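# Coordinates in review
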4 protein chains.
Amino acid sequence: MSEALRERVAAANAALAAHGLAQASFGNVSEVDREAGVVAIKPSGIPCDSVRPEDVAVVSLETGELLDGLKPSSDTPTHLELYRAWESLGGVAHTHSRFATSWAQAKRPIPCLGTTHADHVDGPVPVTRDLDDDECAGEYERLTGAVIVEALDGRDPLDVPACLVASHGAFTWGVSAAQAVEHAAALEEIAALAFNTVLLEAAAEPVSPALLRRHFARKHGPTAYYGQR
Amino acid sequence: MSEALRERVAAANAALAAHGLAQASFGNVSEVDREAGVVAIKPSGIPCDSVRPEDVAVVSLETGELLDGLKPSSDTPTHLELYRAWESLGGVAHTHSRFATSWAQAKRPIPCLGTTHADHVDGPVPVTRDLDDDECAGEYERLTGAVIVEALDGRDPLDVPACLVASHGAFTWGVSAAQAVEHAAALEEIAALAFNTVLLEAAAEPVSPALLRRHFARKHGPTAYYGQR
Amino acid sequence: MSEALRERVAAANAALAAHGLAQASFGNVSEVDREAGVVAIKPSGIPCDSVRPEDVAVVSLETGELLDGLKPSSDTPTHLELYRAWESLGGVAHTHSRFATSWAQAKRPIPCLGTTHADHVDGPVPVTRDLDDDECAGEYERLTGAVIVEALDGRDPLDVPACLVASHGAFTWGVSAAQAVEHAAALEEIAALAFNTVLLEAAAEPVSPALLRRHFARKHGPTAYYGQR
Amino acid sequence: MSEALRERVAAANAALAAHGLAQASFGNVSEVDREAGVVAIKPSGIPCDSVRPEDVAVVSLETGELLDGLKPSSDTPTHLELYRAWESLGGVAHTHSRFATSWAQAKRPIPCLGTTHADHVDGPVPVTRDLDDDECAGEYERLTGAVIVEALDGRDPLDVPACLVASHGAFTWGVSAAQAVEHAAALEEIAALAFNTVLLEAAAEPVSPALLRRHFARKHGPTAYYGQR
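Residues numbered from 1 in each chain as written. Chains lettered and ligands numbered in written order. Predicted model: local features only at pLDDT ≥ 70, side-chain atom pairs only at ≥ 80, totals over all residues. Heavy atoms only, no water.

Moving on: the overall build of chain A. When helices and strands are tallied, chain A shows eight helices and seven strands. By the compact-globule yardstick of 17 Å for 229 residues, chain A fits well, its C-alpha radius of gyration being 17 Å. Among the 229 residues that make up chain A, the fraction classed as buried is 61%. Accessible area for chain A stands at about 8,100 Å²; split by element, carbon and sulfur atoms hold 52% of it. Measuring between centres, the 18 positive side-chain charges of chain A sit 5 Å from its 32 negative side-chain charges. (Helix = DSSP H or I, 4+ residues; strand = E, 2+ residues; numbered from the N terminus. Rg over C-alpha atoms; globule rule 2.2 N^0.38 Å. Buried < 20%, exposed > 50% of the residue type's maximum accessible area, 1.4 Å probe, protein only. Areas by Shrake-Rupley, 256 points an atom, 1.4 Å probe, with all protein chains shown as cover. Lys, Arg positive; Asp, Glu negative; His and termini not counted. Charge placed at Lys NZ, Arg CZ, Asp CG, Glu CD.)

Below, the structure is given as structure tokens:
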């Protein structure tokens, strides 16, 4: 079943590790096949850099039922919640990468302090609210997805392809598993730059809307002029 | 004598170095064989990444007497004290890893600020009290073990597999030498995340007991559902 | 056309990546051939470490028109503005390197806090003013070059081979593309040292004019005595 | 002349680079042969990792005159001043390593905050006074050596094998070029740990004299019991 999908997911998990984003064995990447109604995701407890395509877990997008491969990541219900909420999503990545997680633990959104950020994310990177005690004890992983959707607050997920989960880590996404990983790498760099910036200048101000617009649009808008298109 | 034990200890010391946890030639790992009543440990002054199995020191768990191999690490009495205090321990690691040691030098316990921490340690990572002048001049290494046991304050060492030694570095442990090293790597990541977090937000609050419980239990409790078990 | 020029530019872009200065795929390097009236620069959207000489974009120094190769970097108008303003420039590099960009995002010039800095830059590394909304919406990239020239404030660009662009990143230059890359690497180290220094000592003072003079002159002045000349 | 000496010096310079201590091409190592009355040192402007034994500069310990090899490092008069002041020295290393230089730029001595430090340096790492304008304009490099000797303030240089030069970088030494490099690596780790520690806890206190004594003595005193001796 869906050999190419499982190969892309294995490769994307390996890429997450190659970027140094999967510390302490954390992290996982998935991709959805909406026509087939399935999501392929890293198996639970397997390091990101040693996922074999045949071991990738394939689950039902609708029910979460395991259809093929090993037992899926315990974070699978979070991924499913995001795919269900946002039709435009093709891939999702989860990391505990160093600087993104530091912002998540500080429960602070990452302000857009420069063009590196503006090139990738249209405005601040949001942070979720805390889950309350019942939520932690209940459908914890699915509700983690729900508070991410809540934190986006109606913004377009492809314009804001990243969210911090309070006291936890980062989720990023894109049109494919590979793009979700690229966004995870960009988020980590954005988070590191912002960390250094606020240490230098606690009152650092976000960039102007005009500068944000210019940079995001030159890469992503209908008038984009970056790259070889 | 106990060839497999010495090979595991040599490999665990090499793993400590491979994780980048043995800066400036510091660090050592041991494993106990309780049936044989012996502890195998890195020889003194040999870099972690060049310990040959035949050079591993084997000492008596009861008396500390050298039974085989080269002269043991000068920290051997600390290891022995831990094995004697806690029957459940199989392996012990000692590091001066960068971020864990920074917290140890600041004499601050590491609060549980996120799920990376909660996945590995059930609550804060404790820090020992200072040794007084007589203790420093006396059975210094054995007493270092004693203040670690004191700092755990009755908590289960397998739920709290790490302790900071004030002004010194870190000790971690587990059911084997290999697991002690895994915990040393996790501690360093936890310490780095917490360092960044308090720099961003000096008043960062620990996670709720409910979130701590959920994460620690999903990996370690009787209801654990992480991994391919 | 100008095969050697394109090879030097491809190699300089590769060197930028090899120095770890081209995070998140950002960064580009160019070199001018003033006799031929052309500038060779990295093509847009191609990672720095995989630019083939035949893909290097060659544009007119005067008009910016593409003469050969792939579509040029979107930052090309910035490079051209610098070459037109300063006759002595042979190469220009642009990075979002971690520490230099952190200072740029904090909108703080880098004070000369030590001899590592004094060996490379004659005084503080300036930071540009913000571009206003009209400038962001208009000839943004060319005006980025203009505010760099404005920030140098008449200082000799070969004595001050680096400038921070507020909320953006760094531009460096030199007599060749290779030297522009060397200056980008030196700037990143200078920025990292200054970052650490002000964290240790918020009120750290710049070096004395006499020390700055001694170090800059021993490498660069007419009385230079560094190296094998 | 003294082939073995030149080979040791070339190897020690390569080791400095391999330790990551020779950023931005800075750094140099020398060794003295007191019987022959010569000092072998890195040639000026040659990167540490590409010094060939035949290119190592050999100068007179007494006069500084070049006897063999390429033009010596511009820091040679500093090295000579140290060898002349301290008979016990066999090797000297100079670096601009990241954390040591940050403390030097902050003009703060590094307090002994833990046992990593106490294992290598008997008390705080001193920092020199500033050179005044006449000193900067005059025999700058020789006087840099003189203020290092002044900063040691009569302490035994083999007990305090490192000194920060204000606004500049670090000098370390030992009984050989190889040991000077080991001390440079230890100093960088000590400086990094102390940097993190004071960021966590601005008022961090030095270790007790009893702890300092125990650690320094277990490695270095007449009662040393560390290693395979």
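The next point concerns helix 3 (residues 98-106) of chain C. Residue and element names in this part refer to chain C. In terms of residue burial, helix 3 counts as a mostly covered element, since eight of its nine residues are buried. Within helix 3, burial applies to Phe99, Ala100, Thr101, Ser102, Trp103, Ala104, Gln105 and Ala106. Positive phi shows up at Lys107, right after helix 3, with a value of about 55°.

This part takes up the relation of the copies chain C and chain D. In the superposition of chain C on chain D (RMSD 0.0 Å, axial shift 0.0 Å), the rotation amounts to 90°. Those values place the two copies in the arrangement expected of a four-fold rotation axis. The C-alpha atom lying nearest the rotation axis in chain C is that of Leu199 of chain C; the distance is 5.4 Å. Mapped onto chain D, only 7% of the interface residues of chain C again fall at the interface, so the copies present different surfaces. (Least-squares fit on C-alpha atoms with pLDDT ≥ 70 in both. Contact = heavy atoms within 4.5 Å.)

Turning our attention to the side chain of Thr128 of chain C. With respect to the element layout, Thr128 of chain C can be found in the loop between helix 4 (115-118) and helix 5 (133-137). Excluding residues within four positions of it along the chain, Thr128 of chain C makes contact with Val147, Ile148, Ala151, Cys163, Leu164, Val165 and Ala166 of chain C.

Turning to the interface of chain D and chain B, a few remarks are in order. Each partner contributes residues to the interface: chain D has 29 residues there, and chain B has 32 residues. Of the roughly 2,700 Å² buried between chain D and chain B on both sides combined, carbon and sulfur atoms contribute 52%. Broken down residue by residue, the surface that chain D buries against chain B is led by Leu200, Arg214 and Gln228 of chain D, which jointly contribute 24%. Seen at the junction of chain D and chain B, the total is five salt bridges. The partner of Arg218 of chain D in a salt bridge is Glu141 of chain B, and the shortest N-O contact between them spans 2.7 Å. (Buried area = accessible area lost by both parts, 1.4 Å probe. Salt bridge = Lys/Arg side-chain N within 4 Å of Asp/Glu carboxyl O.)

Taken together, the contacts link 29 residues of chain C with 32 residues of chain D. Taking both partners together, chain C and chain D bury about 2,700 Å²; carbon and sulfur atoms supply 52% of that area. At the boundary of chain C with chain D, the tally comes to five salt bridges. Across the pair Glu201 of chain C and Arg108 of chain D runs a salt bridge, and its minimum N-O distance is 3.9 Å. For the interface between chain C and chain D, the tally reads 19 residue pairs in polar contact (both at pLDDT 80 or more). Every element with two or more residues in the side of chain C that touches chain D is listed here: helix 4, helix 7 (177-200) and helix 8 (209-220) of chain C. At eight residues, helix 7 of chain C tops the list of elements feeding residues into the side of chain C that touches chain D. (Polar contact = N/O pair within 3.5 Å; in protein donor to acceptor, adjacent residues only side chain to side chain.)

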